[in-house]
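Notes for the structure review
Chain by chain, the residues:
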Amino acid sequence: MSNQVETSIHPTAIVHPNARLAQGVQVGPYSIIGEHVSIGEGTVVGPHVVIEGHTTIGRDNRIFQFASLGSQPQDLKFHGEPSTLEIGDRNQIREYVTMNPGTEGGGMLTRVGSDNLLMVSVHIAHDCIVGNRNVFANLATLAGHVIVDDEVILGGACGVHQFVRVGRGAMLAGAAMVNMDVAPYCMAQGDRATLRGLNVVGMRRRGGTVEDVRAMKQAYRIAFREGLLLKDAIERIRAELGANAYVERFVAFLAESERGVTRPASTALQGEPEGVA
């Protein structure tokens, strides 16, 4: 006797005959699944959910009521191109979350990874790339073309400007308005957001050692507290601290930034980065 859960579609749901639903997918009352949608094994689609467009969803996701996935991008340059939305595995997609597919001007793809918690009314716009194990609190919003790495926390009502990158392990405070790149393991707050030190608690929770924290604090000071040009700070950090994996990720991000990086509001207000020395 098989232990597999059977695919279940509520009688009031509307599922296009060409949609691809894997073993164990459950579709709740009054939900709508479009023609070009593919949903992986074990994913649960709650009531009143709309999934349309060229959307691929992985396995074991939980999609709560009133979410809207794959609808036309909110971009006046979009003209019906068959762009895609890809969602990974084991995501919690809460009420009123919206995600739009890509556009011709941005690579034709919006991608969300796995093991993310997207709380109520999160919006992920066209051409965004979101990694894994992130937490986006209520009303957090990504404009188009935003890149968010892994293990990032976005506070409630946080807004991220188009083309901004947010590095691994960063934390953006509630209501932060972020218009420049935020480096890995940094905390940003305010309108317009400025750095408030390092996300040391997050580093520790993800396995960072005392030595990793110490190295990152030194890298942070060199990059943002000593008045150096960014290229000079990068060279110095690499020379003094480049063997540390956290620092290597931090420096690579700074070197690759095209938009410019978020910095502390002022040396006088910032004090030292938080955490163990």
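Note: the structure precedes this text.
My aim in this report is to walk through the structure given alongside it, one point at a time. (Residues numbered from 1 in each chain as written. Predicted model: local features only at pLDDT ≥ 70, side-chain atom pairs only at ≥ 80, totals over all residues. Heavy atoms only, no water.)

1. A closer look at the nonpolar core
As a reminder, the rule being used: Among buried residues, those of type Ala, Val, Leu, Ile, Met, Phe, Trp, Tyr and Cys that are joined through side-chain atoms within 4.5 Å constitute a nonpolar core. Burial classes: relative accessible area under 20% of the type maximum marks a residue as buried, over 50% as exposed, and values in between as partly exposed (1.4 Å probe, protein chains only). By the criteria applied, helices consist of DSSP H or I runs no shorter than four residues and strands consist of E runs no shorter than two, each listed in order from the N terminus. Should any heavy atoms of two residues lie within 4.5 Å, those residues are counted as being in contact.
Counting 69 residues, the largest nonpolar core has Ile51, Met99, Ile124, Phe136, Leu142, Val160 and Phe250 as the members making the most contacts within it. Contributing elements (two or more residues each) for this core: strand 12 (84-87), strand 27 (186-189), strand 28 (194-198), helix 1 (200-205), helix 2 (210-224), helix 3 (230-241) and helix 4 (245-256). When residues in this core are grouped by element, the largest group, eight residues, is from helix 2. Aside from chain neighbours lying at most four places away, what touches Val160 is Thr141, Leu142, Ala143, Val146, Leu154, Val166, Leu172 and Val178.

2. Comments concerning the sheet that holds strand 28
Cut-off, in case you're wondering: Strands pair, by our definition, only if DSSP identifies at least two bridges between them. Convention adopted: a line fitted to C-alpha atoms gives each axis, helices being fitted over their contacting stretch, and angles between N-to-C directions are expressed from 0 to 180 degrees.
The eleven strands lie next to each other as 1-4-7-10-13-16-19-22-25-27-28, forming an open sheet whose pairing is mixed. On the outer flanks of this sheet lie strand 1 (8-9) and strand 28, each paired with one strand and no other. Direction of pairing for strand 7 (residues 44-45) relative to strand 10 (residues 62-63): parallel, over a ladder of two bridges. Pairing of Val45 across the sheet is with Ile63, part of strand 10. Where helix 2 meets the sheet, its contacts fall on strand 27 and strand 28, and the angle it forms with strand 28 comes to roughly 155 degrees.

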